Amino acid sequence: MSLTRVSSWSSFGGTLSVHDHDSEACACTMRFAVFTPPQAKDGPVPVLWYLSGLTCNWSNVMEKSGLQRMAAELGLMVIAPDTSPRGEDVADDDSYDLGQGAGFYIDATEPPWTPHFSMQSYIVEELPALIGAEFPADMERQGIFGHSMGGHGALTLHFKQPKRFRSVSAFAPIVAPARVPWGQKAFKAYLGDECPEWGEHDACELVKRQPTEAHILVDQGEDDQLLEEQLKPELFEAACREAGQSLTLRRHPGYDHSYWFIASFMEDHLRHHAKSLTA
């Protein structure tokens, strides 16, 4: 796979770089960012995937969360993929919560989305293969986390691939997409009318079927404007309790859905992953 470096910057002794490549899974050019910590000069380092939310791309977390300082201290490589395929030939929708910028980290099975919207395959298979080949990454030590739609992606991909993604956490995740408007809209478009396939991409359903040995960290702002309609963390809390899944769900008064919230607790999440990945 050809890889083109778009830009790079030195940061806390490491490097933040942005890259383009031709994706077979998504049949278009995809862009992602990598923070490579200074420890990578001495050998491969653990890999932590960050999945962003609706309308976002690689830049949101890399520019707004302040993760570089702590990732450099802990020796974690952090990778921020895009949230969907993009381009003039890629299907889209006029609304912000469907189409480009809203891939939901699943593989679409319905037209017009099927030619490009294969974000699960991209995150689980294609991009890790590229990272392993091109970067000083220890692919035996991978974790995953994300925000909102990306929190949904992080949780569901962990449950499907617990040996690949050994550690997991989320900021304000969509935990029950099959039961909230955002998820229902996306699933109907990408997967078809409500069917068993929806449950394969719902964290509340997956944890009941296949709890893992990981300890999950979730942070949720109590002043999040999307809390009651779209997020419903209490459903995931109950599902984890029923399944015997280890979970810490922290609720924070005064915090909303923004990157000010994410930046406030980013260090905790990086330390949470480092505990599992650097032991």
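First, a word on scope: everything that follows refers to the structure included in this document.

1. Observations regarding the side chain of H116
Next up, step 1: Note on placement: H116 falls in the loop between β5 (77–81) and α3 (119–134).
Next up, step 2: One polar contact links the side chain of H116 to the main-chain carbonyl oxygen of A27, over a distance of 3.2 Å.
Next up, step 3: Residues in contact with H116, not counting those within four places in the same chain, are A25, C26, A27, C28, P85, D89 and V90.

2. Some thoughts on the pairing of β5
Next up, step 1: Within β5, 5 of the 5 residues are buried, which leaves the element mostly enclosed by the surrounding structure.
Next up, step 2: In this structure, strand β3 (residues 28–36) lies alongside β5, joined through 4 bridges in antiparallel fashion. Across the sheet, residue F35 finds its bridge partner in β5, namely V78.

3. Digging into helix α9 (residues 233–243)
Next up, step 1: Of the positions making up α9, those classed as buried are P233, F236, A239 and C240. For α9, the angular spread of the buried residues around the axis is 120°, confining them to a single face. For α9, the exposed residues set more than 90 degrees away from the buried face come down to R241 and E242.
Next up, step 2: In the core, the buried residues of α9 are packed alongside α4 (149–160), α7 (203–209), β8 (216–221), α8 (227–231) and β9 (247–252).

4. As for the nonpolar core
Next up, step 1: Among the nonpolar cores identified, the biggest contains 93 residues, and M62, F104, I131, Y190, F236 and L270 are the most heavily contacted of them.
Next up, step 2: Setting aside chain neighbours within four positions, we find F236 in contact with L155, F159, V175, A203, C204, V207, I216, V218 and L247.

5. Notes on the environment of E222
Next up, step 1: Along the chain, the position of E222 falls in the loop between β8 and α8.
Next up, step 2: It is 6.8 Å that separates the C-alpha atoms of E222 and D256, two residues lying 34 residues apart in sequence.
Next up, step 3: Excluding anything up to four places from it in sequence, E222 contacts L227, R251, H252, P253 and Y255.

Cut-offs applied
- Residues numbered from 1 in each chain as written.
- Predicted model: local features only at pLDDT ≥ 70, side-chain atom pairs only at ≥ 80, totals over all residues.
- Heavy atoms only, no water.
- Helix = DSSP H or I, 4+ residues; strand = E, 2+ residues; numbered from the N terminus.
- Polar contact = N/O pair within 3.5 Å; in protein donor to acceptor, adjacent residues only side chain to side chain.
- Contact = heavy atoms within 4.5 Å.
- Buried < 20%, exposed > 50% of the residue type's maximum accessible area, 1.4 Å probe, protein only.
- Pairing = 2+ DSSP bridges.
- Arc of directions from axis to C-beta.
- Core = buried A, V, L, I, M, F, W, Y, C linked by side-chain atoms within 4.5 Å.

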